[in-house]
Amino acid sequence: MTATKTHEDAEVKPVPAPLRWWRGSTLLRHVFWAVLGLVAFYFLSISLDAFDNLQLAQICYMAIATAGLTVLSGLSGQISLGHGAFVAVGAYSVALLLEHLHWPLWTALIAATVITAALGALVGVAAARLRGPYLAGATLALAVGLPSLADYHGLRDLLGGANGLIVTPEPPPLSLGESFPLERWQAWIGGLCLVIVLFLLANLARSRLGRNMRFVREDEDAAALSGVHVARTQILAFCVSAGCAGLAGGLFAMVNNLAAPGAFTLTLSLSLLTAAVLGGLGSLAGAVYGAVIVTLLPNWSTNLAQSANLPQAVYANIPLVLYGVVLIAVIVLFPGGIQAGVRRLGRLPVRRRSSPEQP
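Below is a summary of the structure that appears in this document. Counting restarts for each chain, with residues numbered from 1 along the sequence as it is written. Given that this is a predicted model, residues contribute local features only at a pLDDT of at least 70 and side-chain atom pairs are listed and counted only at 80 or more, while totals for whole chains, interfaces and linings are drawn from all residues. Only heavy atoms go into the side-chain values, all of them from the structure, while hydrogens and water stay out.

Closest axis-to-axis distance for the helix 13 (residues 266-279)/helix 14 (residues 284-307) pair is 7 Å, and the angle between their directions is 125 degrees. It follows from the interaxial angle that helix 13 and helix 14 lie oblique. Seen from above, helix 13 lies across helix 14 with right-handed handedness. Here Ser 271, Ala 275, Leu 278 and Gly 279 of helix 13 lie close against helix 14, whose contacting residues are Gly 286, Gly 290, Ala 291, Ile 293 and Val 294. Throughout, the ten residues Ala, Val, Leu, Ile, Met, Phe, Trp, Tyr, Cys and Pro are labelled nonpolar, Asp, Glu, Lys and Arg are labelled charged, and all others, Gly among them, are labelled polar. Its residues assigned to classes, the contact of helix 13 with helix 14 comprises five nonpolar, four polar and no charged. Axis definition: a line fitted to C-alpha atoms, over the contacting stretch in the case of helices. Angles run 0 to 180 degrees between N-to-C directions. Helical segments are the DSSP runs of H or I of at least four residues, strand segments are the runs of E of at least two, and each set is numbered from the N terminus. Should an angle fall under 35 degrees it is taken as roughly parallel, and over 145 as roughly antiparallel, whereas 65 to 115 is taken as roughly perpendicular and any remaining angle as oblique. Note on convention: near helix rotated counterclockwise from far helix by under a right angle means a left-handed crossing. Clockwise means right-handed. We call two residues contacting when some pair of their heavy atoms lies within 4.5 Å.

Structural data, given as structure tokens:
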């Protein structure tokens, strides 16, 4: 009797069908989180004023570029210090298509993504032959040299030289009302693009291509012996990452109404890499965390320094100091990035419940 009862207790209870679908369908979970993200973004945007919505739009395009870099460095293991150049290509593409050809905004954003992805494929062909510091150096040269082409005498008339191109902001639809804030409309466009990009990249990470990227990151020789085409996988990773940066550049031009070489310096490329490291390489949620910190921390630190009535020579360096402090703190406390720290904190209640009670 005891053995029978124990056997019955050990039987696994059937899992309800909705829960079984939820666990078995990655696409269903990603659709749920995408819809939830859109709803949360909507309520957040309507609760903010014009300036905060502008910052929200800036966070969106920074998060898109960081998410692409996360796929490249965190998923496929390639280093890039030149993603600011891809952002510049996307910004100039949208500026030219809007101002010269008068394309609709959404069409221009899609075209900028495709153009930059094609450029990323070309760079990926060269990057597939480079490793470590050589790849970092090549992408660094790209970040320094490509934006400066706008001031080349043969392209100065087309690209505007050092002053860049002015982008006329597209007004919100009249259906939203004549007094609908332009900044909120731009935040909505950026938020929709961000959710779409995160949805697509999340499914990519779970696909066969994402699995191949992880194989290549861990061991290229073993991946090749397993039948993975290493060079093709690395080129596709660069292509996807560059496309994300191009879309971010298009949104940059839309939000800031400008595409100029001074906006795409090496600092932008390093900021994107910093955001990816802060959030956690390989984590799409971490890309959003890193973009929030990189975008808001300089403004917060500057306002804090000004409110303390510090001399200008002092508070001008406060953002750099706080930037370094936050970066060191995250590395020390959460070596895997902010997302790794969030997961660790989320597992603490589970561990406490599962640990045996002490008498």
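Our next topic: the packing of aromatic side chains. Side-chain rings of Phe, Tyr and Trp (the six-membered ring for Trp) are treated as a pair once their centres are within 6.5 Å; stacked means planes under 30 degrees apart, edge-to-face means over 60, and tilted covers the remaining angles. Counted according to the given criterion, the structure contains seven aromatic pairs. Judged by centre distance (5.2 Å) and plane angle (75 degrees), the ring pair of Tyr 42 and Phe 43 falls under edge-to-face. With a centroid separation of 5.5 Å and an interplanar angle of 70 degrees, the aromatic rings of Tyr 61 and Phe 252 are classed as edge-to-face. Pair noted here: Tyr 61 is in helix 4 (residues 50-75) and Phe 252 is in helix 12 (residues 230-256), with a separation of 191 residues, a long-range link.

Quick look at unusual backbone geometry now. Although it is not a glycine, His 102 sits at a positive phi angle of roughly 60 degrees. Relative to the helices and strands, His 102 is located in the loop between helix 5 (83-99) and helix 6 (105-127). Throughout, exposure labels follow a simple rule: accessible area from a 1.4 Å probe, protein chains only, divided by the maximum for the residue type, with under 20% read as buried, over 50% as exposed, and the rest as partly exposed. For His 102, a relative accessible area of 62% gives the class exposed. Backbone geometry at Asn 257 places phi at a positive 60 degrees, although glycine is not the residue there. Locating Asn 257 in the fold gives a position in the loop between helix 12 and strand 2 (258-259).

On to the side chain of Gln 234. If you trace the backbone, Gln 234 turns up in helix 12. When its relative accessible area of 2% is taken as the criterion, Gln 234 is described as buried.

Turning next to helix 12. Helices are assigned an expected span. That span is 1.5 Å times one less than the residue count. If you check helix 12, its first and last C-alpha atoms are 39 Å apart, about what 27 residues at 1.5 Å a residue would give, namely 39 Å. Within helix 12, 20 of the 27 residues are buried, which leaves the element mostly enclosed by the surrounding structure. Downstream of helix 12 by a residue or two, Asn 257 has a phi angle that is positive, lying close to 60 degrees.

Interpretation note: all reported values are geometric properties and have no functional meaning in isolation.
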